[in-house]
Number of protein chains: 2
Amino acid sequence: MSEYLPGLEGVPATKSNISHIDGERGVLAYRGYPIESLAEHSTFEETSLLLLDGRLPTARELAEFDEQLRGNRRVKYNIREMMKSLPPTGHPMEMLQTAVASLGMFYPGPEGLTGRDIREDLDYVHSMTVKILARMATLVAMWEHIRNGYDPVPPRTDLTYAENFLYMLSGKEPEAFYADIMDTCLVLHAEHTINASTFAALVAGSTLAAPNGVIAAAIGTLSGPLHGGANQRVVEMLEDIGSPDNARPWVEKQLAAKAKIWGMGHREYKVKDPRAVILEKLVEKLAAYKGGQVSPLFETALAVEEICRERLAHKGVYPNVDFYSGVLYAEMGIPADQFTSIFAISRCAGWLAHWREQLADNRIFRPTQVYTGEGIRDYVPLRDRG
Amino acid sequence: MSEYLPGLEGVPATKSNISHIDGERGVLAYRGYPIESLAEHSTFEETSLLLLDGRLPTARELAEFDEQLRGNRRVKYNIREMMKSLPPTGHPMEMLQTAVASLGMFYPGPEGLTGRDIREDLDYVHSMTVKILARMATLVAMWEHIRNGYDPVPPRTDLTYAENFLYMLSGKEPEAFYADIMDTCLVLHAEHTINASTFAALVAGSTLAAPNGVIAAAIGTLSGPLHGGANQRVVEMLEDIGSPDNARPWVEKQLAAKAKIWGMGHREYKVKDPRAVILEKLVEKLAAYKGGQVSPLFETALAVEEICRERLAHKGVYPNVDFYSGVLYAEMGIPADQFTSIFAISRCAGWLAHWREQLADNRIFRPTQVYTGEGIRDYVPLRDRG
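Small disclaimer: the values here were computed from a predicted structure and weren't measured.

1. With respect to the interface of chain B and chain A
Quite often, the size of an interface is put as the accessible area lost when its parts meet. Listed by partner, the interface residues are 112 residues for chain B and 112 residues for chain A. Buried area between chain B and chain A, both sides added, is near 9,800 Å², and the carbon and sulfur share of it is 60%. Considering only the surface of chain B that becomes buried against chain A, M105(B), R366(B) and Y379(B) emerge as the three largest contributors, covering 10% of it. Taken together, chain B and chain A are joined by six salt bridges. The residue R385(B) makes a salt bridge to E46(A) at a minimum N-O spacing of 2.8 Å.

2. Section: the relation of the copies chain B and chain A
The transform that puts chain B on chain A rotates by 180° and translates by 0.0 Å along the axis, for an RMSD of 0.0 Å. Taken together, the turn and the small shift mark the pair as related by a two-fold rotation axis. For chain B, the minimum C-alpha distance to the rotation axis belongs to A217(B) and amounts to 1.9 Å. The share of interface residues of chain B whose copies in chain A are also at the interface is 100%, consistent with both copies meeting through the same surface.

3. Focus: the sheet that holds strand β3 (residues 27-30) of chain B
Residues and elements named next belong to chain B. Sheet architecture is open: three strands sit in the order β2-β3-β4, paired in antiparallel fashion. Each end of this open sheet is capped by a strand with a single partner; those strands are β2 (19-22) and β4 (33-34). By the bridge criterion, four bridges tie β2 to β3 in an arrangement that is antiparallel. Bridged to I21 within β3 is L28.

4. Remarks on the environment of I307(B)
Residue and element names in this part refer to chain B. Positionally, I307 belongs in helix α14 (residues 296-312). A relative accessible area of 6% places I307 in the buried class. Each C-alpha atom, one on I307 and one on Y324, is 15 Å from the other, the two residues being 17 residues apart in sequence.

5. Some remarks on the confidence of the model for chain A
Here chain A shows a mean pLDDT of 94. Residues at 70 or above account for 98%. Overall fold confidence for the complex sits at a pTM of 0.96, while the interface term, ipTM, reaches 0.96.

6. As for the pattern of salt bridges
Two side chains of opposite charge can pair, provided their charged atoms sit close to one another. Residue and element names in this part refer to chain A. This model, assessed by the stated rule, comprises 44 salt bridges over all chains. The partner of D158 in a salt bridge is R156, and the shortest N-O contact between them spans 2.8 Å. A salt bridge links R248 to E310, with the shortest nitrogen-to-oxygen separation between them at 3.0 Å. Of this pair, R248 sits in helix α12 (residues 244-256) while E310 sits in helix α14 (residues 296-312); the two residues are 62 residues apart in sequence, bridging distant segments of the chain. Residue classification places E310 among the partly exposed positions, given a relative accessible area of 46%. One network of salt bridges, in which partners are shared, links R80, E81, K84 and D151.

7. As for the sheet that holds strand β4 (residues 33-34) of chain A
Residues and elements named next belong to chain A. The strand order β2-β3-β4 describes an open sheet built from three strands, whose pairing is antiparallel. For this open sheet the edge positions go to β2 (19-22) and β4, each flanked by a neighbour on one side alone. When strand β3 (residues 27-30) meets β4, the two strands line up antiparallel, connected through two bridges. In the sheet register, Y30 faces β4, and the bridge partner there is Y33.

Definitions and cut-offs
- Residues numbered from 1 in each chain as written.
- Chains lettered and ligands numbered in written order.
- Predicted model: local features only at pLDDT ≥ 70, side-chain atom pairs only at ≥ 80, totals over all residues.
- Heavy atoms only, no water.
- Contact = heavy atoms within 4.5 Å.
- Buried area = accessible area lost by both parts, 1.4 Å probe.
- Salt bridge = Lys/Arg side-chain N within 4 Å of Asp/Glu carboxyl O.
- Least-squares fit on C-alpha atoms with pLDDT ≥ 70 in both.
- Pairing = 2+ DSSP bridges.
- Helix = DSSP H or I, 4+ residues; strand = E, 2+ residues; numbered from the N terminus.
- Buried < 20%, exposed > 50% of the residue type's maximum accessible area, 1.4 Å probe, protein only.
- pLDDT = per-residue confidence, 0-100.

Given below as structure tokens:
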């Protein structure tokens, strides 16, 4: 038996073609394309297809995929009814896990959950890929209305993925500036090698479970505060700090207490996370766009960033992707408890790509354990116990 | 980087006190107690508490836990409404993943999904443990009625876990003989070291996700045909074979084609799975109890078992736990597509025990990968692509 490494740190769990991180140099590439060029030139639709298929699509392939995504934005009426029966106080990530888990019941494929080996039904695999990816944004946006007592805003097919998502969220066609920011955020969060939620998708997928069950497993995993839940925590932290003036004493106090500052540092990167570099520029652009009319939260974020840079950068600790994305989404008027849902919409592309890669060369995950418990012992009848 | 082992076979993923398998000797023990003695002397309630707490409870502890389970059988009205909005053709495991994922919205704990470290809120951890374990049986039984267009049968608090489950399923108080079989089946399936679904629970739990999200991840993982879905397949296979007379030619054909015979063999055991030994005796007892008035499916199962023993036992391949449990449940009148749900009810005890063990010494799962993809390459604008 090999050595036990907690969290399987450094243990290869799969072979993968999908993405690659060079933490020493601050490189993240999807299918070989650096994240910087994808953020600048690509779209979420194209990046998703790149992740799924392994290469940049032709114009025709992209148009076809985009058409499929647009045609799959609507959900069945009963999904809405189901969501209406959920408590409005429930967390959006719990709603999302619930709703995605149910998608297989609404779209069961030709032979239902059982009766076929999904590896032999590539039409089903592709069709569910599109169905889930397209509907993630719809479910998240629907919930924003339903939990507030309103009817959801039906999707439009004449808008891009990012535009339509913002449209469904607010009921208004978004300014191009904001739609571009959202599109870039979706590109940046779409994939990040074998993180916990992607790993959960591999484990679930390795039993040949249906993709809705697989993605729901990943959503549940992403919901934890040590993973996707962090971007919501960043904004809650900034609200706690309250104003730019409080930033320095607050950061100093946390550092002195060796307490956590949400949104700082990343296990994989020794230098600044390349996604954070891009997001930082978007934050600056957004501030310029608003001509200084930014919220106290935004100003607090800039102050925290500056102080953390001064105090932590020499240790290789920089603001990470959660820090900036939380700030951006908040400034776009999105409620903090929806940030992780947006992360999920985006990462769904990566989950689906890894799920398909797992199916192509599958072996069920069944690791072993270091048993540290009792040896064999005799059962003691209830009456003879202490 | 250590060696890549597909499916992490032989790679220790955790330290655990909970259960132990000796595949050479055919031993499975929960907390040191061999499965044979638990099957004979214990109950699902006691076994669950043993798995959770690490020791056999005192009479008082057991009574208190049992009381909590009984008091948590009912679900909120809106959970029923939610289930009514799901398509009746949907698979019970998809319903179960959906419904369990939603439980956190209905029972959010004192501070909701975020805002606290669940490791510091042991009351919440215990309360959710009871809430989920108690309600698993309710949800499964409710679905059986709802999908058939009937109102669900409310749980009773004067029955044991197994009795109440069978009561809710059928609307009739079960004969003690069948309740005992169900109780034994629940004990036998409750825990089995780091299988795929338990592993998914560890991965999801390691992000400090809420327990409903963790258990829903495990349910999605269990639903796959290579894992929990196998017991349903056994019965579908037996229905395919059709009669005892067809058993021999069918088995010979499968062996000649090197095709899969569902319910045969287990990766962990070189000798017969100790759970299968116990279940085999239950099958015999059930046949005797019915005085030979068994279904053709049951007789077909006995014929397949005999032929497989003759042809496969010398290779160390024996009927496994899925083979016998499927036959038993079918003979008890339970629909085949609910078998995996019963597995989930039972295994939920093990998932919760592993989740709590993970929280007590947590490190987020983030394994690495063998990257086999493209090196860094330049983005090609859409107009310049082939």
